[in-house]
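Here are the chains, one letter per residue:
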Amino acid sequence: MSRENSLVSAQWVEDNLDNDTIVVVEVDEDTSAYDKGHIRGAVKLDWTTELQDQVRRDFVNKAQFEELLSSKGIGNDHTVVLYGGNNNWFAAYAFWYFKLYGHSDVKLLDGGRKKWELDSRELTDEVPSRATTTYAAQEQDHSIRAFRDEAVAAIGVKNLVDVRSPDEYAGRLLAPAHLPQEQAQRAGHVPTSINVPWSKNVNDDGTFKSDEDLKALYADAGIDDSKETIALCRIGERSSLTWFVLKVLLGHESVKNYDGSWTEYGSLVGVPVALGDEPGEA
Amino acid sequence: MCGATAGGLSLDGVNVAKEAVIQGQVTREGEPVGNAYVRLLDRTGEFTAEVPTSATGHFRFFANDGEWTLRTLAPKAEPTDRKVVAQTGSVAEVTITL
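What you see is a predicted model; the values in this text were computed from it and never measured.

**Points about the overall build of chain B**
Link 1 in the chain: Helix and strand content of chain B: zero helices and eight strands.
Link 2 in the chain: Reading the secondary structure of chain B in the N-to-C direction produces β-β-β-β-β-β-β-β.
Link 3 in the chain: Against the globule reference of 13 Å for 98 residues, chain B gives a C-alpha radius of gyration of 13 Å, in line with a compact fold.
Link 4 in the chain: Counting only C-alpha atoms and orienting by the principal axes, one finds that chain B spans roughly 40 × 30 × 15 Å.
Link 5 in the chain: By the burial criterion, 30% of the 98 residues in chain B qualify as buried.
Link 6 in the chain: Partitioning the intrachain contacts of chain B with sequence separation of at least 6 by distance along the chain shows that 52% fall at a separation of at least 24.

**Examining the environment of A:Thr48**
Link 1 in the chain: Mapped onto the secondary structure, A:Thr48 falls in the loop between strand S3 (43-45) and helix H3 (62-72).
Link 2 in the chain: Expressed as a C-alpha distance, the spacing of A:Thr48 and A:Asn19, which sit 29 residues apart in the sequence, is 29 Å.

**Details of the interface of chain B and chain A**
Link 1 in the chain: Each partner contributes residues to the interface: chain B has 16 residues there, and chain A has eleven residues.
Link 2 in the chain: Listed by contribution, the elements that provide at least two residues to the side of chain B that touches chain A are strand S3 (37-41), strand S4 (47-52), strand S5 (58-63) and strand S6 (66-73) of chain B.
Link 3 in the chain: Here the side of chain B that touches chain A is built from residues that sort into ten nonpolar, three polar and three charged.

**Some points on the confidence of the model for chain B**
Residue and element names in this part refer to chain B.
Link 1 in the chain: Considering every residue of chain B, the mean pLDDT works out to 88; 92% of them sit at 70 or more.
Link 2 in the chain: Low pLDDT, under 50, characterises residues 1-6; the stretch is placed with seven contacts to residues that sit more than four places away or in other chains.
Link 3 in the chain: Interface scoring of the predicted complex returns ipTM 0.83; its pTM is 0.92.

Procedures and definitions
- Residues numbered from 1 in each chain as written.
- Chains lettered and ligands numbered in written order.
- Predicted model: local features only at pLDDT ≥ 70, side-chain atom pairs only at ≥ 80, totals over all residues.
- Helix = DSSP H or I, 4+ residues; strand = E, 2+ residues; numbered from the N terminus.
- Rg over C-alpha atoms; globule rule 2.2 N^0.38 Å.
- Buried ≥ 20, exposed ≤ 12 C-beta atoms within 10 Å, placed from the backbone.
- Contact = placed C-beta atoms within 7 Å.
- Nonpolar A, V, L, I, M, F, W, Y, C, P; charged D, E, K, R; others polar.
- pLDDT = per-residue confidence, 0-100.

Next up, the structure:
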């Protein structure tokens, strides 16, 4: 995975709209965005109903993922190009999710839906019909997924990168300003985690900053790239975007996304929590 | 409901007393711009939130007390910055002209 084979421009997508080996997929936080217009030929994935188990708090299992992709007409050999709103938060989450189940060729549309719209490119409300496939997923790749015990064990040992806004990190808010303030029982952050808000990764138009700028960002923040890294946010989507930057664009060897993130950690009994703008002690 | 400014978004269902609302409309040559993006930046210029405008060019943020910048991006337009002060219990109405 690298910038060259995992990130494509809006122009590249437009030039490939009739390429049968490519499936464009929209994933949005606002799951109604697709219905108001989408890139021609794009299929929709609903992260709330299709990517999450509807009973337990977990992802859909391997068999469910296979059934989902088969029904969407996505085959193992397709190049999947993901895009979405909110500067690709949920598209990056889906990228990570596709990698978790071992899809080989996945790309992110740089800048997502916003860049496409700002370029005045065409949107349609026509829903494509695709022939179903027989998709075969791999077992989850846990080298890119962190669970709660690993997050606790990483305190003072690994790089913990908390990508929430400074107010959430410090414990002044439980969710980003402007969104519902819900879920975790306690506010604050994992001790020794450093705060690099996800928004630092992208330009105003939603495209990623240059590798040079991104390297400088994480070096200045104090990430030791010889150590393993765990990224977290509130529910694991904004941190997928940072995972994409560290693992895919910058090529750090071991980077995991902790999808339980603060809504899990901040509700655990007996774990340490730091408040304020400083990382705090192990 | 009373309290909604002429031309502004309806505040039905919003507990204005508890919120520091910033809302408004993006227009170009008198016409609403329904495909713009409005970014809410805090006093240090840091990103806080972003919303796409509605079909009628409207947007709304639930901010906190203080001074904010609204940065508007739209097709075929230069980014436009507007300062606005939000206060709990009041609604800051902003018209952004591209």
